[in-house]
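Residue-level listing of the chains:
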Amino acid sequence: MSRDRSRLTIILKIISQKTAILIFAQSGKQEGISKPFLKSAVLFDQLNTQTIAKVEKTGLPYFHISEAQQKGNTFGERYTNAIEQVYAKGFDNVITIGNDTPNLNTKQLLEAAKTLQNKEIVLGPSCDGGYYLLGLNKSHFNAELFLKLPWQTAKLTKSISKLLTTNKTEMVLLKRLKDIDKIKDVKMFFDSFHKISEAILKVLRAIFSSKIVILDTCYFQYSPFQQKIYFNKGSPLSCL
């Protein structure tokens, strides 16, 4: 047992010298403005706390870049600049995640970090066509091409796959996970048997204890089939 622990410690030390995690996520307050459903700010405060806790358990260095540190006029610009900032600190690999995938766990983050020791790209696809995790080696990061990707559309993952295939670059895919982009997703997590923390479950209970959901300046009775707006910063955008 002690040998296994020593080996794991050595592996983590080697990985941490090369790999950092980038949490690219807005504060709960800003999420409350971007995603104005009932108690969204409270929910994303909890999601941020949970995400940071999971990342800290990996033992890997990490950077949380919220709206206060983000630079750029578009999502693509802000995201690209954030990744460049981490590479500039001397890391070879960057694993980027957001705050909206409750089922992403520490084990998956460590698996992504380990995979990046031998592969150039790791992608965790979301059910909406975007992704919840991107692990990228510095040698395969091209800011110009990155900016041209169809950010905030359902074509994002397919576009990345197509680009990598064209360049004959191997990509390792992780398990597909569901993220929280809209109120329908919140309802799904509340009704499902997905493993989520008690703190987040408490917020979800508060949201759905009321029949009224607030969206922008409109008040309406909640129906999971009415709401089609995507709230996540990097996931597909739509409109009513």
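To keep things clear, this report deals only with the structure shown in the data block. Keep in mind that this is a model prediction, so the values were computed, not measured. (Residues numbered from 1 in each chain as written. Predicted model: local features only at pLDDT ≥ 70, side-chain atom pairs only at ≥ 80, totals over all residues. Heavy atoms only, no water.)

1. Things to note about the packing of helix H8 (residues 183–191) against helix H9 (residues 198–208)
Note the threshold: What counts as an axis is a line fitted to C-alpha atoms, over the stretch in contact for a helix, and the angles between N-to-C directions run from 0 to 180 degrees. Secondary structure elements are taken from DSSP: a helix is a run of H or I of four residues or more, a strand is a run of E of two residues or more, and numbering for both begins at the N terminus. Left-handed describes a crossing in which the near helix is turned anticlockwise from the far one by less than a right angle; the clockwise case is right-handed. The contact definition used throughout considers only heavy atoms, calling two residues in contact when any of these lie within 4.5 Å. Under the grouping applied here, Gly and all other residues not named as nonpolar or charged are polar, the nonpolar ones being Ala, Val, Leu, Ile, Met, Phe, Trp, Tyr, Cys and Pro and the charged ones Asp, Glu, Lys and Arg.
One way to put it is that H8 packs onto H9 with a least axis distance of 10 Å and a crossing angle of 120 degrees. For the element pair H8 and H9, the recorded crossing hand is left-handed. Here Ile183, Val186, Lys187, Phe189 and Phe190 of H8 lie close against H9, whose contacting residues are Leu201, Leu204, Arg205, Ile207 and Phe208. In terms of residue class, the contact of H8 with H9 is built from 8 nonpolar, no polar and 2 charged.

2. Looking at helix H5 (residues 106–115)
Here is the rule: Only protein chains enter the accessibility calculation, which uses a 1.4 Å probe. A residue is then buried if its area is under 20% of the maximum for its type, exposed if over 50%, and partly exposed in between. Along the arc lie the directions from the helix axis toward the C-beta atoms. Polar contact is defined as a pair of N or O atoms within 3.5 Å, subject to the rule that within protein one atom must be able to donate a hydrogen and the other to accept it, and that residues adjacent in sequence are counted only when both atoms are side-chain atoms.
Looking at H5, one finds that the buried residues are Thr106, Gln108, Leu109, Ala112 and Ala113. Along the axis of H5, the buried residues cluster in a sector spanning 165 degrees; they form a single face. Facing away from the buried side of H5, by more than 90 degrees, are the exposed residues Lys107 and Lys114. Capping the start of H5 is the job of one residue whose side-chain oxygen sits 3.2 Å from the backbone nitrogen of Lys107: Asn105.

3. Quick word on the packing of aromatic side chains
What counts here: Centres within 6.5 Å are what make two rings of Phe, Tyr or Trp a pair, Trp counting through its six-membered ring; a difference in plane orientation under 30 degrees is then read as stacked, over 60 as edge-to-face, and the rest as tilted.
Tallied over the entire structure, the rule returns 11 aromatic pairs. Aromatic pair Phe75 and Tyr79: ring centres 5.5 Å apart, planes at 25 degrees, arrangement stacked. Of this pair, Phe75 and Tyr79 both sit in helix H4 (residues 75–87), 4 residues apart, which is roughly one turn of that helix. Assigned by exposure class, Phe75 and Tyr79 land together as buried. Seen from their ring centres, Tyr87 and Phe141 are 5.4 Å apart, and the 45 degrees between their planes marks the pair as tilted.

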